[in-house]
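Now for the letters of each chain:
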Amino acid sequence: MARVSTKENKNIYQKTREGLRLTREAASELLESIAPERIEKIENERSLPHPDEVLVMAEKYKQPSLCNYYCANQCPIGQQYVPEIKMKDLSQIVLEMLASLNSMSRQKERLIEITVDGKIAGEELEDFIRIQEELERISIAVETLQLWSERMLATGAIDEGQYLAHKNNK
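Cut-offs applied
Residues numbered from 1 in each chain as written. Predicted model: local features only at pLDDT ≥ 70, side-chain atom pairs only at ≥ 80, totals over all residues. Heavy atoms only, no water. Helix = DSSP H or I, 4+ residues; strand = E, 2+ residues; numbered from the N terminus. Rg over C-alpha atoms; globule rule 2.2 N^0.38 Å. Buried < 20%, exposed > 50% of the residue type's maximum accessible area, 1.4 Å probe, protein only. Areas by Shrake-Rupley, 256 points an atom, 1.4 Å probe, with all protein chains shown as cover. Arc of directions from axis to C-beta. Contact = heavy atoms within 4.5 Å. Phe/Tyr/Trp six-rings, centres within 6.5 Å; stacked < 30°, edge-to-face > 60°. Core = buried A, V, L, I, M, F, W, Y, C linked by side-chain atoms within 4.5 Å. Axes fitted to C-alpha atoms, helices over the stretch in contact; angles between N-to-C directions. Parallel < 35°, antiparallel > 145°, perpendicular 65-115°, else oblique.

Novice: Break down the overall build of the chain for me, citing the residues and quoting the values.
Specialist: Helix and strand counts for the chain come out as nine helices and zero strands. Along the chain, helices and strands appear, N-terminal first, in the series α-α-α-α-α-α-α-α-α. Taken over the C-alpha trace, the chain has a radius of gyration of 21 Å; the compact-globule value for 170 residues is 15 Å, which it surpasses by more than 25%. By principal-axis analysis of the C-alpha atoms, the chain measures approximately 65 × 40 × 25 Å. Burial analysis of the chain (170 residues in total) assigns 31% to the buried set. Here the chain displays about 11,500 Å² of accessible surface, and carbon together with sulfur accounts for 53% of that area.

Here's what the structure looks like:
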């Protein structure tokens, strides 16, 4: 019987593997291209995973959120430009998106007033920043919905063939 880790501060890669009830050896077989020793180094944070390793783990573990985690927390470029997405229920994602869209609907006239001359004057700056923050919330809601969809496709909760057929019929 495989030993169970008693480590308290497990990283996302170890939690994901253990959530699937895989030993490092079994995970290595599933991942095909990552040796158990390499998995151990990544999980014990003695080495950062390479982007291609994260892609393999995300696919084989059926956890596309691993890619977002890597980009937002471990990739030097992503740390600056990619927000970390927290997985949520579909209803919560949709409600947050609709709330942000409703807010923007009310603020669109103000955005036009602010930007019509191509400059942001001092008294317009506070409103512009508030609108920019609301647009960022919409962007995050869209990314969360995309990640939710990828997860549902990966786990089979959404039929991939039907999904692609509908998507390609546009």
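Novice: Lay out helix α1 (residues 12-19) in plain terms, naming residues and giving numbers.
Specialist: Helical geometry note: an α-helix holds 3.6 residues per turn, so side chains three or four residues apart project in the same direction. Every buried residue of α1 is accounted for by Tyr-13, Gln-14, Thr-16 and Arg-17. Along the axis of α1, the buried positions cluster into a sector of 160 degrees, meaning they face one direction only. Residues of α1 that are exposed and point over 90 degrees away from its buried face: Lys-15 and Gly-19. Looking at the buried residues of α1, the elements they touch are α2 (24-31), α3 (36-43), α4 (51-60) and α5 (65-73).

Novice: Account for the packing of aromatic side chains, naming residues and giving values.
Specialist: All chains considered together, the criterion is met by one aromatic pair. Relative to Tyr-69, the ring of Tyr-13 lies with its centre 6.1 Å away and its plane at 80 degrees, an arrangement referred to as edge-to-face. Placement of the pair is Tyr-13 in helix α1 and Tyr-69 in helix α5, with a sequence separation of 56 residues. The exposure class of Tyr-13 is buried, given its relative accessible area of 1%.

Novice: How would you sum up the nonpolar core? Please name residues and give values.
Specialist: Counting 14 residues, the largest nonpolar core has Tyr-13, Leu-31, Val-54, Met-57, Tyr-61 and Leu-66 as its most contacted members. Elements represented by at least two residues in this core include exactly α2, α3, α4 and α5. No other element matches α4, which puts three residues into this core. Apart from residues lying up to four places away in sequence, Val-54 is in contact with Tyr-13, Pro-49, Leu-66, Cys-67 and Tyr-70.

Novice: Which residues make up the side chain of Ser-28, and what are the values?
Specialist: Tracing the backbone shows Ser-28 in helix α2. If we skip the residues at most four places from it in the chain, Ser-28 touches Ile-34, Ala-35, Pro-36 and Ile-39.

Novice: Any details on the packing of α4 against α5? Residues and values, ideally.
Specialist: As a packed pair, α4 and α5 sit with axes 8 Å apart at the nearest point and diverge in direction by 155 degrees. The angle between α4 and α5 falls in the class roughly antiparallel. Of α5, the residues touching α4 (which contributes Pro-51, Val-54, Leu-55, Met-57 and Ala-58) are Leu-66, Cys-67 and Tyr-70.

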